[in-house]
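Residue-level structural notes
Letter by letter, the chains look like this.
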Amino acid sequence: MNIVNVGYDSTNYYILETETGKLLIDSGWPGTLPKLNAELKRKGIALNEIKYLLVTHFHPDHAGLTQELKNLGAKFVLLESQVGFIAPLTELFKPKNLSYVEIKPDDNFLLNFVESRQFLATRGVDGEIIPSPGHSDDSVTLILEEGFAFTGDLQPRFMLPDDDNVSRESWDRIYEHKITRIFPGHGAS
C-alpha cells in the first residue's frame, strides 16, 4: 500500500492509493487549501486525484477543508457515528471571521461501520473502519489488513490517564487486529 503523508502545520494527513483513486485521511484547517495543494505538489500528487475523503474526527485541523474538497470532486465518506458532529463544527466557526466552508449534508457517502470492509474492498483496499472514541466521541480509525492503523488524535495508550477507560477500550478494539504501525494525526508514525 502506497501511503504518503501530505501533512502541514503540525498535523498529518495521509494519502492512500486505491484502485479507484486516492483516499485522503483528514484535511486541514479552513482556508488552508493552498497549503494542502502545495504539499501534494511536493509529493507529486495532483489535488484532483483525491477521489475520497475520510476524517478521523470533526475538529478544525482534521475536517476544516471537507466541503472545499467536496467542491473539487472528492466523495466525503461519513461514518454513522459522525453525522451529529458536523453541526457543532459549523457552530464553532460562525462567530469567527475564518474562511470555513460549511459542510453540506447532501452528497456525502454515509457509511455504517459494518459496511466499511465492503466499501474499502470495492476500491481494492483490505481493511475496515472502526469507532475509536476517546479523543472525541466521533473518532474513527482506519485499519488496513497489512497492520496499519490511522488513529487521528487518539492519545497513545502509554500516555492515557488511568481513568480513561473509553480510550483504552478503543485501543483494545484496534489491537484486536495485528497492528504493526500507527499513523497518528500528530507526531511521527
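Let me sum up the structure you'll find in this document. Predicted, not measured: the structure shown is a model, and the values here were computed from it.

1. Here we look at the overall build of the chain
Secondary structure summary: the chain contains 6 helices and 10 strands in total. Computed over the C-alpha atoms, the radius of gyration of the chain is 16 Å, within 12% of the 16 Å expected from 2.2 N^0.38 for a compact globule of 189 residues. The dimensions of the chain, computed from C-alpha atoms along their principal axes, are 40 × 40 × 30 Å. Residues counted as buried form 53% of the 189 residues belonging to the chain. Nonlocal contacts in the chain, meaning residues at least 24 apart in sequence, comprise 63% of its contacts between residues at least 6 apart. Of the accessible surface of the chain, which amounts to about 8900 Å², a share of 52% is contributed by carbon and sulfur atoms. Side-chain charges of the chain comprise 18 positive and 27 negative groups, with the mean position of each set lying 6 Å from the other.

2. What to know about the pattern of salt bridges
Any two side chains of opposite charge can pair, so long as their charged atoms come close to each other. If you walk through the whole model with that rule in mind, you get 10 salt bridges. One salt bridge connects Lys43 with Glu39, and the closest N-O pair in it is separated by 3.1 Å. Lys43 gets classed as partly exposed once you look at its relative accessible area, which sits at 39%. For Glu39, a relative accessible area of 10% gives the class buried. Shared partners join several salt bridges into a network, and the residues in it are Glu17, Lys22 and Glu49.

3. With respect to the nonpolar core
Counting 26 residues, the largest nonpolar core has Val6, Ile15, Leu24, Leu36, Leu40, Phe58 and Leu69 as its most contacted members. Mapped by element, the contributors of at least two residues to this core are helix 1 (33-42), strand 4 (50-54), strand 5 (75-79) and helix 4 (86-93). With residues near it in sequence (within four places) discarded, Leu24 still touches Val6, Tyr13, Tyr14, Ile15, Leu36, Ile50, Tyr52, Leu53, Leu54 and Leu69. Counting 20 residues, the second-largest nonpolar core is a separate cluster that includes Leu79, Leu120, Val125 and Phe148.

4. A look at the sheet that holds strand 7 (residues 127-131)
Read across the sheet, 4 strands follow the order 7-8-9-10 without closing on themselves; strand pairing throughout is mixed. Of all strands in the sheet, those with a lone pairing partner are strand 7 and strand 10 (181-184), marking the two edges. On average, each strand axis in the sheet is tilted by 20° relative to the strand beside it, whichever way the strands run. Contacts from helix 5 (residues 113-121) reach strand 7 and strand 8 (140-144) within the one sheet, and its direction differs from that of strand 7 by about 155°.

5. Focus on the packing of aromatic side chains
Under the defined criterion, the tally for this structure stands at 10 aromatic pairs. Pairing Phe58 with Phe76 gives two aromatic rings, centres 6.1 Å apart and planes at 80°, and the pair type is edge-to-face. Here Phe58, found in the loop between strand 4 and helix 2 (60-63), pairs with Phe76, found in strand 5; they are 18 residues apart in sequence, far enough to count as distant. Here Phe58 matches Phe76 in class, with each residue buried. Their ring planes at 20° and their centres at 4.7 Å tell us that Phe93 and Tyr100 sit as a pair that is stacked. Pair check on accessibility: Phe93 and Tyr100 agree, each one buried. Grouped by ring-pair contacts, the aromatic residues Tyr14, Phe148, Phe150 and Phe183 constitute a single cluster. Just above the ring of Phe109 sits the side chain of Arg123; from NZ or CZ to the centre is 5.9 Å.

6. A look at helix 1
Buried within helix 1 are the following residues: Leu33, Leu36, Glu39 and Leu40. Relative to the axis of helix 1, the buried residues are bounded by an arc of 125° and lie together on one face. Relative to its buried face, helix 1 has exposed residues pointing more than 90 degrees away, namely Pro34, Lys41 and Arg42. Elements in contact with the buried residues of helix 1: strand 1 (3-5), strand 2 (14-18), strand 3 (21-25), strand 4 and helix 3 (66-71). Downstream of helix 1 by a residue or two, Gly44 has a phi angle that is positive, lying close to 75°.

Calculation criteria
Residues numbered from 1 in each chain as written. Predicted model: local features only at pLDDT ≥ 70, side-chain atom pairs only at ≥ 80, totals over all residues. Heavy atoms only, no water. Helix = DSSP H or I, 4+ residues; strand = E, 2+ residues; numbered from the N terminus. Rg over C-alpha atoms; globule rule 2.2 N^0.38 Å. Buried < 20%, exposed > 50% of the residue type's maximum accessible area, 1.4 Å probe, protein only. Contact = heavy atoms within 4.5 Å. Areas by Shrake-Rupley, 256 points an atom, 1.4 Å probe, with all protein chains shown as cover. Lys, Arg positive; Asp, Glu negative; His and termini not counted. Charge placed at Lys NZ, Arg CZ, Asp CG, Glu CD. Salt bridge = Lys/Arg side-chain N within 4 Å of Asp/Glu carboxyl O. Core = buried A, V, L, I, M, F, W, Y, C linked by side-chain atoms within 4.5 Å. Pairing = 2+ DSSP bridges. Axes fitted to C-alpha atoms, helices over the stretch in contact; angles between N-to-C directions. Phe/Tyr/Trp six-rings, centres within 6.5 Å; stacked < 30°, edge-to-face > 60°. Lys NZ or Arg CZ within 6 Å of the ring centre and 35° of its normal. Arc of directions from axis to C-beta.

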